[in-house]
Amino acid sequence: MTNGINFDYYTSPGMSYRIQNSVMDLQMTLENSMCDILQQRIQDTRQGAVLICDRGLMDGSAYMSNGEWESLVKNREDVGSVVDLREQRYNAVFHLVTAADGAEEFYTLENNVVRTEGLEEARVQDAKTRTAWLGHPKMCVFDNSTDFEGKLERVVAAAANIVGLPSGLHRRSNGKFVLRSKPEFERFPVDVSYQVFDVEKVYLYDESMSTAAANDIQDGKDYFEYSFVRKRSYKKTNSSSSSGIACGLTTVRVDKKTGTETEVKRIISMREYNSSVKSRDMTRHIIKQTRISFFWKLQSFVVHIYHEPVSDLCLLYCQANDQPSNSIALPPFLDVDRAINDSEEDEKKY
């Protein structure tokens, strides 16, 4: 028995629902089983572990209509919402763009017996799969701007960065931009899907970073750390229904000598979030924003519209990593003022 299903199966009425429901059963069982094994392994060895899945549960929505997918999620007792599937299960999502989009000469059906799509069909399906994950806070898209080895190097470096390991991958200095005005949804092209959500970000108090300790930046260590929790509440989407709340904990480690920052993120429950907020750092503001997530030219963008502690700031982030041969293609439907640079003034302001 192989893990492939011919697209002809989907032509029968109701078959999309039955197939994807069965796939979700199998996939959840496999993922949950592997998580249990790794958790026991971590407990026994006191060593970390990373579980990498070739596919994620949201992929199934790319092979169904929005109505069918919403019905499937609603009817399953083991799924609370789409947000639970997309953001409360996976710490990061890596989308490797099909060779049919940007590396057509390497796209072939000969090395995969279950692959039947031609170039155009492959591009369409790839876009659907990518859109299925729109809204995930750590959605990384890897295009074909380099050869395949370079593509893999970007993936490995990004994965290392997420789990807190050293890597040669750094965010572009021009990956953040100031907008002159808030986005107008009427200007978004009809084929650009987006997700809108509110964000509350609360910094946590750390006794080791009290005033005395902070002056010496955690004496005796080569780094200092700070943490914050973040709650995302979904408001609006133009592609499918998406409601729910997702929470996470981020710990940032800063190297005292180089200033290099390493982030380690963990998915937490609403109960953990509420408990953590009780230990907030009272010397720092709670940050409240509205964010808009979308894709443009195989790039993942997020607009940050600030409400508190300031209300006159609107920034555009591009989740792009060092790719010397390519520049960021800015969305023409946004009013971009300028790129944020590495100057001391911009570092303090943004």
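The preceding data block contains the structure.
Quantities reported herein were computed from a predicted structural model and do not represent experimental measurements.

Visitor: Please give an account of the overall build of the protein that cites residues and values.
Guide: When you go through the protein residue by residue, the secondary structure sums to 8 helices and 11 strands. Buried residues in the protein amount to 38% of all 350 residues. Sequence separation of at least 24 residues holds for 68% of the intrachain contacts in the protein that already meet a minimum separation of 6. In the structure as shown, the protein presents an accessible area of about 20300 Å², 49% of it carried by carbon and sulfur atoms.

Visitor: I'd like to hear about the environment of T129, residue by residue, with values.
Guide: Locating T129 in the fold gives a position in helix α4 (residues 119-132). Given a relative accessible area of 8%, T129 falls into the buried group. When the C-alpha atoms of T129 and A62 are compared, they prove to be 5.1 Å apart, with 67 residues separating the residues in sequence. The residues touching T129, leaving out its near neighbours within four places in the chain, are R55, D59, A62 and H95. At 2.9 Å, the side chain of T129 and the backbone oxygen of Q125 are in polar contact.

Visitor: Give a description of the packing of aromatic side chains that names residues and reports values.
Guide: Applying the stated criterion across every chain yields a total of 13 aromatic pairs. Between F188 and F294, the aromatic rings sit 5.5 Å apart at their centres with planes inclined by 80°, giving edge-to-face as the arrangement. On the criterion of sequence distance, the pair formed by F188 in the loop between β3 (176-179) and β4 (194-203) and F294 in strand β8 (residues 287-296) is long-range, its members being 106 residues apart. Among the residues examined, F188 registers a relative accessible area of 7% and is labelled buried. Among the residues examined, F294 registers a relative accessible area of 0% and is labelled buried.

Conventions adopted
- Residues numbered from 1 in each chain as written.
- Predicted model: local features only at pLDDT ≥ 70, side-chain atom pairs only at ≥ 80, totals over all residues.
- Heavy atoms only, no water.
- Helix = DSSP H or I, 4+ residues; strand = E, 2+ residues; numbered from the N terminus.
- Buried < 20%, exposed > 50% of the residue type's maximum accessible area, 1.4 Å probe, protein only.
- Contact = heavy atoms within 4.5 Å.
- Areas by Shrake-Rupley, 256 points an atom, 1.4 Å probe, with all protein chains shown as cover.
- Polar contact = N/O pair within 3.5 Å; in protein donor to acceptor, adjacent residues only side chain to side chain.
- Phe/Tyr/Trp six-rings, centres within 6.5 Å; stacked < 30°, edge-to-face > 60°.

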